[in-house]
4 protein chains.
Amino acid sequence: MKVGFIGLGNMGAPMALNLIKAGHALTVWNRTRSRAEQLQPSGARVAGSPAEAASGVEALITMLSDDRALEDVISDSMDSIAAGAVHISMGTISTRLSRRLSEAHREKGQHYIAAPVLGRPDAAAAAKLFIIAGGPEEQIGRCRPLFDAMGQKTFFAGPEAEAANVIKLAANFLITAVIESLAEAFALARKSGVDVNTFLEVLTQSLFSAPIYRNYGAMIASDIFEPASFRLALGLKDNRLLLAAAEEARVPMPLAGLVRDRYLAAMAQGLAGADWSAIARLAYHDAGLHLTEAAG
Amino acid sequence: MKVGFIGLGNMGAPMALNLIKAGHALTVWNRTRSRAEQLQPSGARVAGSPAEAASGVEALITMLSDDRALEDVISDSMDSIAAGAVHISMGTISTRLSRRLSEAHREKGQHYIAAPVLGRPDAAAAAKLFIIAGGPEEQIGRCRPLFDAMGQKTFFAGPEAEAANVIKLAANFLITAVIESLAEAFALARKSGVDVNTFLEVLTQSLFSAPIYRNYGAMIASDIFEPASFRLALGLKDNRLLLAAAEEARVPMPLAGLVRDRYLAAMAQGLAGADWSAIARLAYHDAGLHLTEAAG
Amino acid sequence: MKVGFIGLGNMGAPMALNLIKAGHALTVWNRTRSRAEQLQPSGARVAGSPAEAASGVEALITMLSDDRALEDVISDSMDSIAAGAVHISMGTISTRLSRRLSEAHREKGQHYIAAPVLGRPDAAAAAKLFIIAGGPEEQIGRCRPLFDAMGQKTFFAGPEAEAANVIKLAANFLITAVIESLAEAFALARKSGVDVNTFLEVLTQSLFSAPIYRNYGAMIASDIFEPASFRLALGLKDNRLLLAAAEEARVPMPLAGLVRDRYLAAMAQGLAGADWSAIARLAYHDAGLHLTEAAG
Amino acid sequence: MKVGFIGLGNMGAPMALNLIKAGHALTVWNRTRSRAEQLQPSGARVAGSPAEAASGVEALITMLSDDRALEDVISDSMDSIAAGAVHISMGTISTRLSRRLSEAHREKGQHYIAAPVLGRPDAAAAAKLFIIAGGPEEQIGRCRPLFDAMGQKTFFAGPEAEAANVIKLAANFLITAVIESLAEAFALARKSGVDVNTFLEVLTQSLFSAPIYRNYGAMIASDIFEPASFRLALGLKDNRLLLAAAEEARVPMPLAGLVRDRYLAAMAQGLAGADWSAIARLAYHDAGLHLTEAAG
């Protein structure tokens, strides 16, 4: 298929490459042009503007995780998208923007799919992403070759595009709940004199053998949160999008609120660039365990 | 080994049976005598009192999940336990009682092991429990044949018995965090118009394939919380023990506090006998989703 | 002084009237024109547009409690404000908008004062408002005759306009904390069999004799939340502005988060139009006290 | 009246003195005998044991704020209390213990009144306490001369003694809510660049002129929490009693839970002896405001 691809960050770049490998014709654009040019040797055509990337393609994929960045790009390129073509937004954006885009594209005779993903850059590189696609079922079906080139499995979230965004935000929230619960549990264990490695072993060799427990448990046990698997500042952003969706729907989410406070406190302590599981530092601090200072 | 076994509830009975099957000589006692007599055909000797169950055995196992019940039983039987024999407390009791028992037995020249378990009655029946054992390492080693007969794996929590209780309580807490996060996530999804079965499928076929997500997710998606896999009233009890341990150690656990409030509210709504994941009903209610009423 | 006044709701109308009574020349505008015309007999000139209200005045007062409404009005009228004239924004708006307006006016050679108020319509009518004024001190001094005509006391919040907005939002937050604490306390008292009128009497005749405790305590004791002294939907709005200010400043406010959840749950139960102390209904419900149903 | 008085701490000593001044005959006992002897010059008779203090009196007043201390004293002295005499428990004890004492005294043909107080040592010295009395109305009437000698006002909480304890605990909880809300509000104001003294002035000269706001606001604004008006460790104890009462009654109190976590964190930071408003240090810390370190 002829595909435009905008947003070539840690996730977007490997996703675009996988599309090229699968034989699709890509026109790419990125704010920092050099990242687009890195795909030229693989066969991508580099566009000079979002509008150029959007012109004459059957599908325009955006992989932008910031509402404002996506709004800017789309306001530039919307009129260049052909009638009948589809915009696939794969970044973690707000449900509100997804709903607005859905309407805006419909008015122009274009299609819109929200298709956020679960997985990190390594999964993107290995084409092992989980893709959650919401929007008109036939359009999703038509784009299946694209999804298959990028992910291991594509779920149909429903005919309303924003359903996919809700599911994505909720999935991220479930991870933060795991992190927060581990943070509190490790604070208790450590302060109670339990060996943290023993604790980690018991958990991960019994009921909590899933990778999320193993990975974040290991970080929290060691009190080392760099390099970040997912930056804390992004965790705050996703939490904000979740709470906004919950507010619109009139759904109280007390645990999400608790997590919000952790992220704000962590930002205030200068942990924006650490892994989002670094909120465990706050749990340790509150318990009077001053590990980092001792280490410093 | 000659073993006394006190506490033949849903967990204790299959555990005792597995010990008999493995060739150990059991003297059993239960407050409701009929439950003890059910083990007679399998070869258990039924004691007339806790003291009798404790007399002349190398190991006295108690499987009582209530501090008071354990205190009563031990105050009756402590003097009957032989010097050098070991008391293995396998129920979910408070860290404080575990610490006290540790001292009390030591003063009598007896040994004490805290060995709470992870797993439900079906795991107990299948000898698939995870056993977390804390106390003198050599005593734990000596009792290994017993543990091997009841569980699939035994962890050494450390030389302080109460470390095992801390780990057990923390593990249960991690499960409640999963339940609470699922409750909030499903309330959001449902209120946002996402199909809950689709939501459940996306979660459990991507990052959240672990049984705890599958089992509790299915209950919450269906809004059916009976029969209970673990009674909500017991969830509140374990949460209380956790918060008591956290208070003693001066460790704030805000998520555990949030869960506490859910359990109290659920008890107030008459859900004591439902599965502990029934706190999702509160999340649904707070979001204005009156499912049960509609169903009633 | 020659004054433009935009926003003649329950608060704005009596404030404008007090300015007229004090001898100031008012040109007024309101989206619903009839509310502006009601001030004509008192001597107000009715403008046909925000721009007209802003033209040729020394001070333009806006009493709009919604960021968007204020943005719309100001984008229409900004160019009509004379250089050297001052815009006094007296509604409860976001700190972010206040900061933006401060800059925008400065660029135009205009002045900006944020002057939100504490007090309800009856205090506005009696010219008994507390006014919290932030911005250039000399401008605030120049506008003192206006403030004196509307309020009983004007505080200088500091040279940064938005400081006044922060203080206003924080003050409202303190009231919500009183409401939430009363809600929980009454739920406990009632469920424990304490007579709620006795409880209210003990509180308000001892340490808690301040009007906020008396007024909200009486509503909560009687479980009657209408007519609203302040609509719950507005309480949620102010809470949202507070949390936004806190997020920008990286300040976790867990109690504000808890209150947010109460307001969302209350909205979901259809309480948007009730008094903001109606969150007590949720506390009663969570405790298993189904008062309203019994009453219904 | 002939009165026994047990518990001569900062509160009990001035209360006993006021009873003596009012002409009552006091027999006093205190664990640390020297504190009892300090009342001898004023006319008190010093008992050698709780039982002696309880013998032959019409009323036995206990001013002990710790359940265990009260239990010890009463188990020693209960049989010495004459039939028809009344035990007035004025300390802040659990509702559970109050209920138990009520029954125990009834069985012995004795009377029991719970009469906790609102007010600090200075109010006790000035006989300005607020007394909340629960129990048989005629007994409370009979003891009125005693209450009048110690307080400015006595409330009748109801015929169930424990109602008085519930009200006392709830009143203390309302104070902690004020403290927590001020803590968060000052953290926001300070971090946002608002002058904290200005902030304090606006609050206390407008809607929040009550002494609780003035006193705790001043401490929090200055970040000085010593000397303690009420020790943080006692605040935690009262919070624990509140949460226990709430748990028994099946009443979730999320704000009380939040306060609990603050107190635990404060204890973990070594603030047990500071004023209970020192939880503001945690709010400051979480916001990245490291005031104390800067001051150190």
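For clarity, every value in this text was computed on a predicted model and none was experimentally measured.

This paragraph deals with the overall build of chain A. Within chain A one finds 15 helices and 9 strands. In summary, chain A has a C-alpha radius of gyration of 21 Å against a globular reference of 19 Å for 296 residues, a match within 12%. Considered along the principal axes of its C-alpha atoms, chain A spans approximately 65 × 45 × 35 Å. Evaluated residue by residue, chain A yields a buried proportion of 60% over its 296 residues.

Interfaces are often sized by the amount of accessible area the parts lose when they come together. Chain C puts 12 residues into the contact, and the matching count from chain A is 12 residues. No other element matches helix 13 (residues 254-268) of chain C, which puts 8 residues into the side of chain C that touches chain A. Residues of the side of chain C that touches chain A, tallied by class, amount to 7 nonpolar, 1 polar and 4 charged.

Tallying the contact residues gives 53 residues for chain B and 53 residues for chain A. Of all the secondary structure elements, the ones that give two or more residues to the side of chain B that touches chain A are strand 8 (129-134), strand 9 (151-158), helix 9 (161-191), helix 10 (196-204), helix 12 (232-248) and helix 13 (254-268) of chain B. The leading source of residues in the side of chain B that touches chain A is helix 9 of chain B, at 16 residues. Split by residue class, the side of chain B that touches chain A holds 36 nonpolar, 8 polar and 9 charged.

Glancing now at unusual backbone geometry. Note the cis peptide between Glu226(A) and Pro227(A), where omega equals 0°. Structurally, Pro227(A) is set in the loop between helix 11 (211-222) and helix 12 (232-248). Even without glycine at this site, Asp223(C) takes up a positive phi of about 60°. Tracing the backbone through its elements, the reader meets Asp223(C) in the loop between helix 11 (211-222) and helix 12 (232-248). Residue Asp223(C) is classed as partly exposed on the basis of its C-beta count, with 18 C-beta atoms lying within 10 Å.

Residues and elements named next belong to chain A. Burial analysis of strand 1 (residues 2-6) places 4 of its 5 residues in the buried class, which makes it a mostly covered element. When strand 1 meets strand 2 (residues 25-29), the two strands line up parallel, connected through 5 bridges. In the sheet register, Gly 4 faces strand 2, and the bridge partner there is Thr 27. For the crossover that starts at strand 1, traverses helix 1 (residues 12-21) and ends in the parallel strand 2, the hand is right-handed. Of the strand pairs in this sheet, strand 1 and strand 4 (residues 59-62) are connected by 4 bridges, and their pairing is parallel. The residue of strand 4 that forms the bridge with Gly 4 is Leu 60.

Residues and elements named next belong to chain D. Where burial is concerned, most of helix 1 (residues 12-21) is hidden: 8 out of the 10 residues are buried. Among all positions of helix 1, only Gly 12, Ala 13, Pro 14, Met 15, Ala 16, Leu 17, Asn 18 and Leu 19 are buried. Taken together, the buried residues of helix 1 touch strand 1 (2-6), strand 2 (25-29), helix 2 (33-37), helix 6 (121-125) and helix 8 (144-150). Note on helix 1: the residue one or two positions beyond its end, Gly 23, has a positive phi of about 100°.

Residue and element names in this part refer to chain A. Per the domain assignment, the segments making up chain A are domain 1 (2-159) and domain 2 (167-295). Listed per partner, the contact involves 9 residues of domain 1 and 9 residues of domain 2. In terms of residue class, the side of domain 1 that touches domain 2 is made up of 4 nonpolar, 3 polar and 2 charged.

This part takes up the relation of the copies chain B and chain A. The two copies are related by a screw motion: chain B maps onto chain A through a turn of 180° and a shift of 0.0 Å along the axis, at an RMSD of 0.1 Å. In short, the pair behaves as if placed about a two-fold rotation axis. A share of 100% of interface residues in chain B that are also interface residues in chain A marks the association as one of identical surfaces.

This part is about helix 12 of chain C. Compared with an ideal rise of 1.5 Å per residue, which puts 17 residues at 24 Å, helix 12 of chain C spans 24 Å between its outermost C-alpha atoms and is within 8% of the ideal. Of the residues trailing helix 12 of chain C, Arg250(C) is marked for its positive phi of about 60°.

Turning to the environment of Gly288(A), a few remarks are in order. For Gly288(A), the location among the structural elements is in the loop between helix 14 (280-286) and helix 15 (291-295). For the pair Gly288(A) and Lys237(A), spaced 51 residues apart in sequence, the C-alpha to C-alpha distance is 28 Å. What Gly288(A) contacts, discounting residues up to four positions off in sequence, is Arg250(B), Ala268(D) and Gln269(D).

The subject of this paragraph is the pairing of strand 4 (residues 59-62) of chain C. It is a general feature of regular strands that their side chains alternate between the two faces of the sheet. Residues and elements named next belong to chain C. Of the two faces of strand 4, the one carrying Ala 59 and Ile 61 and the one carrying Leu 60 and Thr 62 are both buried. The pairing of strand 4 with strand 5 (residues 86-89) spans 4 bridges and is parallel. The partner of Leu 60 across the bridge, within strand 5, is His 87. Between the parallel pair strand 4 and strand 5, the chain is carried across by helix 4 (residues 67-77), and the sense of this crossover is right-handed.

A separate point is the relation of the copies chain C and chain A. Overlay of chain C on chain A (RMSD 0.0 Å): rotation 180°, translation along the axis 0.0 Å. Comparing interface residues between copies, 100% of those in chain C also sit at the interface in chain A, which points to an isologous, same-surface contact.

As a further point, take the packing of helix 9 (residues 161-191) of chain A against helix 9 of chain B. Two elements in contact, helix 9 of chain A and helix 9 of chain B, have axes separated by 9 Å at closest approach and are oriented at 160°. With respect to helix 9 of chain B, the element helix 9 of chain A is oriented roughly antiparallel. Helix-helix and strand crossings are classified by hand; for helix 9 of chain A and helix 9 of chain B the assignment is right-handed. Contact residues: Val166(A), Ile167(A), Ala170(A), Phe173(A), Leu174(A), Ala177(A), Ser181(A), Ala185(A), Leu188(A) and Ala189(A) in helix 9 of chain A; Val166(B), Ile167(B), Ala170(B), Phe173(B), Leu174(B), Ala177(B), Ser181(B), Ala185(B), Leu188(B) and Ala189(B) in helix 9 of chain B. Looking at side-chain class alone, the contact of helix 9 of chain A with helix 9 of chain B contains 18 nonpolar, 2 polar and no charged residues.

In a packed pair of helices, the relevant descriptors are the angle between the two axes and the axis-to-axis distance. Residues and elements named next belong to chain C. In the contact formed by helix 9 (residues 161-191) and helix 11, the axes pass within 10 Å of each other and the chain directions differ by 40°. It follows from the interaxial angle that helix 9 and helix 11 lie oblique. Relative to helix 11, helix 9 is oriented so that their crossing is right-handed. For the pair helix 9 and helix 11, contact is made by Ile 175, Val 178, Ile 179, Leu 182, Ala 183 and Phe 186 and by Ile 212, Tyr 213, Tyr 216, Gly 217, Ile 220 and Ala 221, respectively. When the residues that make up the contact of helix 9 with helix 11 are grouped by side-chain class, the tally is 11 nonpolar, 1 polar and no charged.

This part takes up the environment of Gly84(C). As for its placement among the helices and strands, Gly84(C) is situated in the loop between helix 4 and strand 5. Separated by 122 residues in sequence, Gly84(C) and Ser206(C) place their C-alpha atoms 52 Å apart.

Right, let's get into the environment of Asn10(D). Residues and elements named next belong to chain D. Mapped onto the secondary structure, Asn 10 falls in the loop between strand 1 and helix 1. For Asn 10, a count of 13 C-beta atoms within 10 Å gives the class partly exposed. Separated by 24 residues in the primary sequence, Asn 10 and Ser 34 place their C-alpha atoms 14 Å from one another.

Rules of the game
- Residues numbered from 1 in each chain as written.
- Chains lettered and ligands numbered in written order.
- Predicted model: local features only at pLDDT ≥ 70, side-chain atom pairs only at ≥ 80, totals over all residues.
- Helix = DSSP H or I, 4+ residues; strand = E, 2+ residues; numbered from the N terminus.
- Rg over C-alpha atoms; globule rule 2.2 N^0.38 Å.
- Buried ≥ 20, exposed ≤ 12 C-beta atoms within 10 Å, placed from the backbone.
- Contact = placed C-beta atoms within 7 Å.
- Nonpolar A, V, L, I, M, F, W, Y, C, P; charged D, E, K, R; others polar.
- Pairing = 2+ DSSP bridges.
- Right-handed = clockwise from strand over helix to strand, strands pointing away.
- Domains from an automatic or database assignment.
- Least-squares fit on C-alpha atoms with pLDDT ≥ 70 in both.
- Expected span 1.5 Å × (residues − 1).
- Axes fitted to C-alpha atoms, helices over the stretch in contact; angles between N-to-C directions.
- Parallel < 35°, antiparallel > 145°, perpendicular 65-115°, else oblique.
- Left-handed = near helix turned anticlockwise from the far one by under 90°.

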